[in-house]
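A structural walkthrough
Listed below, chain by chain, are the residues.
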Amino acid sequence: MVESEAKARKQAKPLMERAISEVEDESLKRDVIELIEKVLVYKFTSKSREELRKMIYTEAEWKQSKLYQSLREEVKEDVKEEVKEEVKQEVKEEIEREVEERVEQKVKEEVKQEVKEEVEREVEAKAKLSVLSLLNLGLTVEQIAKALDLSIAKVQQISDERSSN
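Overview of the structure. (Residues numbered from 1 in each chain as written. Predicted model: local features only at pLDDT ≥ 70, side-chain atom pairs only at ≥ 80, totals over all residues. Heavy atoms only, no water.)

Moving on, we come to the nonpolar core. Soluble, globular proteins show a tendency: their nonpolar side chains are buried together. One finds Ala8, Ala12, Met16, Ala19, Ile33, Ile36, Leu40, Phe44, Leu52, Met55 and Ile56 forming the largest nonpolar core, which totals 11 residues. Taken together, the elements giving at least two residues each to this core come down to α1 (5-22), α2 (26-43) and α3 (49-56). Per-element accounting of this core gives the leading share, 4 residues, to α1. Residues Val131, Val141, Val155 and Ile158 belong to the second largest nonpolar core, which totals 8 residues. (Core = buried A, V, L, I, M, F, W, Y, C linked by side-chain atoms within 4.5 Å. Buried < 20%, exposed > 50% of the residue type's maximum accessible area, 1.4 Å probe, protein only. Helix = DSSP H or I, 4+ residues; strand = E, 2+ residues; numbered from the N terminus.)

Looking now at the environment of Arg72. For Arg72, the location among the structural elements is in helix α5 (residues 66-136). Exposure remark for Arg72: the relative accessible area of 44% places this residue in the partly exposed category. Here the alpha-carbon distance between Arg72 and Asp149, two residues 77 residues apart in the chain, equals 83 Å.

Further remarks concern the packing of α2 against α3. The geometry of α2 relative to α3 is characterised by a closest axis approach of 11 Å and an angle of 135° between their N-to-C directions. With respect to their mutual orientation, α2 and α3 come out oblique. Relative to α3, the crossing made by α2 is right-handed. On α3, the residues that touch Glu37, Leu40 and Val41 of α2 are Leu52, Met55 and Ile56. (Axes fitted to C-alpha atoms, helices over the stretch in contact; angles between N-to-C directions. Parallel < 35°, antiparallel > 145°, perpendicular 65-115°, else oblique. Left-handed = near helix turned anticlockwise from the far one by under 90°. Contact = heavy atoms within 4.5 Å.)

Examined against the element boundaries, Gln157 turns out to sit in helix α7 (residues 152-164). Along the primary structure Gln157 and Val141 are separated by 16 residues, whereas in three dimensions their C-alpha atoms are 9.9 Å apart.

Encoded structure:
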C-alpha cells in the first residue's frame, strides 16, 4: 500500500505468485489473493482493468481470479439490465403500435357506420320528397312505387303520413 507506484507494479506479480505457490490453505489463499487484488485496485485507480490484469496475472490465472469472476458478474448484470430495458422498450413500442392500429380501425368503423346512417337518412328524405311530389301530381301509390323502385307499403306509409299531417 505504501510503496511507490513503480515499485508496487514490480512487486505485484511476484507477490501474487508467492501467494499462489506458498499458501496451502485454499480459503486463506483466496483471501490473500483477494486482498492483493483489492490493494492494487485501490492503489492504481487510474489504471484500466486490463492494465491491472497484466500486472498480476497470466491469462490462465486471470480467468480463475476472483477479480475476473466479479468483473464478469458485473458485466453480465449490466448486460442483463440493458437487455431488459431494450426488451421493455420494444414491447412498449409494439403495444403502442397495436393500440394505435386498433384505435384507428375502431374509428374507421365508427366513421363508416356514421356515414352509412347519414346516407340512409338522406336517401330516405329524398325518397319521401319524391313520393310527396309525385302524389301531388296525381300518380297512384302503385305507379310511384314502380317509378321509384320502392315497395308499395313504403309509398303507402309516406302517403298516410302526409294525410295525417
